[in-house]
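Now for the letters of each chain:
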Amino acid sequence: MSDHVALHVKGRVLVGPEEVRDELWVVDGRITYHRPAGADTAPTVTGWALPGLVDAHCHVGLDAHGAVDDATSEKQALTDRDAGTLLIRDAGSAADTRWIDDREDLPKIIRAGRHIARTRRYIRNYAHEIEPDDLVAYVAREARRGDGWVKLVGDWIDREAGDLTACWPRGAVEAAIAEAHRLGARVTAHCFAEDSLRDLVEAGIDCIEHATGLTEDTIPLFAERGVAIVPTLVNIATFPALAAGGEAKFPGWSAHMRRLHARRYETVNSAFAAGIPVFVGTDAGGSLAHGLVAAEVAELVKAGIPPLAALSATTWGARAWLGRPGLDEGAPADLVVYDTDPRADVRALAAPRRVILRGRVVG
């Protein structure tokens, strides 16, 4: 194929937190910083360019009731794309979304397979609901089906206890995480509360979703082991409404959820200050709308994370963590262009000027 110069991006190309270039070109869907033949006739987009944003906790193919049809999944993916999210870590879906991989106009998805939960201890129709003796087998199955990740439900409301409790015994998670790692997959877990965290981290888990239960006792352990968190603060904002809905039947759980919500910013700030890797995720696709990535970055800044670090948590740092390129020479041309410098004010992320996916302007 002869080289085809599809686009010239000019202005400020934010290759990394400190590295800024004046321009790039898109040739046959890939980035180059070497001026190609035919550059003079390429259409030009001007502005502040970032790597396509990352939503590291998103559910394409799910709504509040379980799997959705392909048309709904497509709408979800398009909504994320138009918000600038061009790379999604799908943190559990009951729907088969592999067909999205064949669509040049939809974001790239890194799948964690289907959630693995304890019997009757998660949202109906979402997860494989199993007992501890079957955990290793199901983790192996989802490790083979996913794209290098497996998703566990680490805690959930225990109706007998009337509060959040850990779902898995220590031995079961140790064996399951070891099996995932043997198969080349990383493991993450949904965790709201405090109780499950030490066992999961000491068992070798790679990431914790939400992580509202972090305390001064477990933060050093996460930092020492390099376990990442994806706080999903736009989802944690729903805790007071959830607590109100469960007050009559489960007052202890409701009070616990309110406490976790009240300290959410302090928790995230303390984690970041301790050196725990923090990444952007919205938890879209359950009860939350898609396209909230800019709102989540703003929430991290509100929690006290420096704007440049919050930006990295959805761009350079997030892509490196997931093993995907940014604005590198020869990388797929997945980028978003803004009118103003998002490093100066992350609220700029809410209004992308152009969205470029696989070298094509799609929004």
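Preceding this paragraph is the structure being described.
Cut-off values and rules
All residue numbers refer to position in the chain's written sequence, counted from 1. Totals for whole chains, interfaces and linings use every residue, but because this is a predicted model, local features are given only for residues with pLDDT of at least 70 and side-chain atom pairs only at 80 or more, for both listing and counting. As a rule here, side-chain values come from all non-hydrogen atoms in the structure, and water together with hydrogens is ignored. Put simply, DSSP marks the helices as runs of H or I at least four residues long and the strands as runs of E at least two long, and each gets a number from the N terminus on. Each residue is placed in one exposure class: buried if its accessible area under a 1.4 Å probe, protein chains only, is under 20% of its type's maximum, exposed if it is over 50%, and partly exposed if it falls in between. Contacts described as polar in this section are N or O atom pairs within 3.5 Å, which, within protein, must combine one atom able to donate a hydrogen with one able to accept it, while residues neighboring in sequence count only if both atoms come from side chains. Any two residues whose heavy atoms approach within 4.5 Å are treated as being in contact. Think of a nonpolar core as a cluster: buried Ala, Val, Leu, Ile, Met, Phe, Trp, Tyr and Cys residues, connected wherever their side-chain atoms sit within 4.5 Å. A helix is expected to span 1.5 Å for every residue after the first. What the arc measures is the spread of directions leading from the helix axis to the C-beta atoms. Salt bridges are identified by distance alone: a Lys or Arg side-chain nitrogen within 4 Å of an Asp or Glu carboxyl oxygen.

1. A short note on the side chain of Ser254
Here Ser254 shows up in helix 8 (residues 251-262). According to the relative accessible area criterion, Ser254 is buried, its value standing at 0%. Side-chain polar atoms of Ser254 contact the backbone nitrogen of Glu247, separated by 3.2 Å. Ignoring sequence-local partners within four residues, the contact set of Ser254 consists of Ala243, Gly246 and Glu247.

2. Observations concerning the nonpolar core
General note: in soluble globular proteins, nonpolar side chains tend to be found buried as a group. Core analysis: the biggest nonpolar cluster contains 78 residues, and Leu135, Ile205, Ile208, Phe222 and Leu300 have the highest contact counts within it. It is helix 3 (residues 170-182) that contributes the most residues to this core, five residues altogether. The next biggest cluster of nonpolar side chains, apart from the first, holds 15 residues, and it includes Val26, Ile31, Leu327 and Ile356.

3. Some words on helix 8
The terminal C-alpha atoms of helix 8 lie 16 Å apart, and with 12 residues this matches the ideal 16 Å at 1.5 Å per residue to within 8%. Among the residues making up helix 8, those that are buried are Trp253, Ser254, His256, Met257, Leu260 and His261. An end-on view of helix 8 places all buried positions within 160° of arc, on one side of the element.

4. Some words on the environment of Leu200
With respect to the helices, strands and loops of the structure, Leu200 is situated in helix 4 (residues 197-202). Judged by relative accessible area, Leu200 falls into the buried class, the value being 4%. Discounting residues that sit within four places of it in the chain, Leu200 has contacts with Gly154, Val173, Ile177, Ala189, Cys191, Ile205 and Ile208.

5. Topic: the pattern of salt bridges
All told, the structure shown has 26 salt bridges when counted by the stated rule. One salt bridge in this structure joins Arg198 and Glu202, with 3.1 Å as the shortest N-O distance. Taken together, the residues span about one helical turn, with Arg198 and Glu202 both in helix 4 at a distance of four residues. On the basis of relative accessibility, which here comes to 36%, the residue Arg198 falls in the partly exposed class. Connected through salt bridges with shared partners, the residues Arg170, Glu174, Arg198, Asp199 and Glu202 form a single ionic network.

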